[in-house]
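Structural features, examined
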Amino acid sequence: MLYSAQVLTQQMYPKILNSLRELAGGGMIMLPSSVADFANPEIAAMIEKTQQSPAANSHDRVKFYKLAWDAVGSEFGSRHHQYEMFYAGATFVTKGHSFRTYDWGKAGGIVQSMLDSYDLDSKPAA
Ligand SMILES: Cc1cc2nc3c(=O)[nH]c(=O)nc-3n(C[C@H](O)[C@H](O)[C@H](O)COP(=O)(O)OP(=O)(O)OC[C@H]3O[C@@H](n4cnc5c(N)ncnc54)[C@H](O)[C@@H]3O)c2cc1C
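Residues numbered from 1 in each chain as written. Predicted model: local features only at pLDDT ≥ 70, side-chain atom pairs only at ≥ 80, totals over all residues. Heavy atoms only, no water.

Re the site of the ligand
- With respect to spatial proximity, the complete set of residues near the ligand consists of Arg79, Gln82, Tyr83, Phe86, Tyr87, Gly89, Ala90 and Phe92.
- In the complex, 35% of the free accessible area of the ligand, which totals 960 Å², lies under the protein chains.
- Ranked by residue count, the leading element in the shell around the ligand is helix α4 (residues 75-86), at four residues.
- Classifying every residue of the shell around the ligand by side-chain character gives five nonpolar, two polar and one charged. (Near = heavy atom within 4 Å. Areas by Shrake-Rupley, 256 points an atom, 1.4 Å probe, with all protein chains shown as cover. Helix = DSSP H or I, 4+ residues; strand = E, 2+ residues; numbered from the N terminus. Nonpolar A, V, L, I, M, F, W, Y, C, P; charged D, E, K, R; others polar.)

Section: the packing of helix α2 (residues 41-51) against helix α3 (residues 58-72)
- The contact between α2 and α3 brings their axes to 8 Å, and the two run at 80°. It follows from the interaxial angle that α2 and α3 lie roughly perpendicular. Facing Ile47, Glu48 and Gln51 of α2, the residues of α3 in contact are Ser58, Arg61 and Val62.
- Of the residues belonging to the contact of α2 with α3, the class tally is two nonpolar, two polar and two charged. (Axes fitted to C-alpha atoms, helices over the stretch in contact; angles between N-to-C directions. Parallel < 35°, antiparallel > 145°, perpendicular 65-115°, else oblique. Contact = heavy atoms within 4.5 Å.)

Comments concerning the nonpolar core
- Listed in full, the 10 residues of the largest apolar core are Tyr13, Leu17, Ala24, Met28, Leu31, Ile47, Val62, Tyr65, Ala68 and Val72.
- Secondary structure elements with two or more residues in this core: α1 (2-24) and α3.
- Looking at which element gives the most residues to this core, the answer is α3, with four residues.
- With residues near it in sequence (within four places) discarded, tyrosine 65 still touches Ala24, Gly27, Met28 and Leu31. (Core = buried A, V, L, I, M, F, W, Y, C linked by side-chain atoms within 4.5 Å. Buried < 20%, exposed > 50% of the residue type's maximum accessible area, 1.4 Å probe, protein only.)

Some thoughts on the side chain of glutamine 10
- Structurally, glutamine 10 can be placed in helix α1.
- We classify glutamine 10 as buried; its relative accessible area is 6%.
- The contacts of glutamine 10, once residues within four sequence positions are left out, are Glu84, Met85, Ala88, Gly89, Ala90, Thr91 and Thr94.

A short note on the environment of glutamine 112
- Along the polypeptide, glutamine 112 turns up in helix α6 (residues 104-116).
- Classification of glutamine 112 by relative accessible area gives partly exposed; the value is 40%.
- In the structure, glutamine 112 is positioned 102 residues away from glutamine 10 in sequence and 32 Å away in space, judged by C-alpha atoms.

Structure representation (structure tokens):
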């Protein structure tokens, strides 16, 4: 189970990042560059006007998109992407562990027990 989790995580994490990018579109780019922008009344008024949405005011929306950017676009996010893909070993290594330790006999046994449960002369279920 542990090796399966390692294999799946390596495959899923990049997909999750890609989904975040698809969902966010250009929203993650069109953000104030710094929290200091909120302190400038002229720029704050522009942020207020352009960053609001039906679901959130400009303050909450900027925080939300900055959080998404932390995951996909920041230095931290980029490093973490690489980390999730490799920290447990390259994918051919984790897949090898998973293949080597999987209980193939048990899985084959489940299939065999299903095949053994009926025969040519079995009556179809009503
Ligand atoms: C951000 C980050 C943090 C890390 N932190 C730790 C840590 O805390 N502790 C720790 O011990 N290690 C850590 N690692 C190291 C990690 O364990 C290694 O990166 C991992 O084992 C892969 O080895 P490598 O980097 O030498 O890549 P390589 O083995 O050089 O692989 C590079 C690419 O080549 C492919 N490749 C290489 N050989 C083959 C082959 N024979 N067949 C098919 N494809 C192949 C791989 O699939 C991969 O795509 C970290 C790595 C990263 C990126």
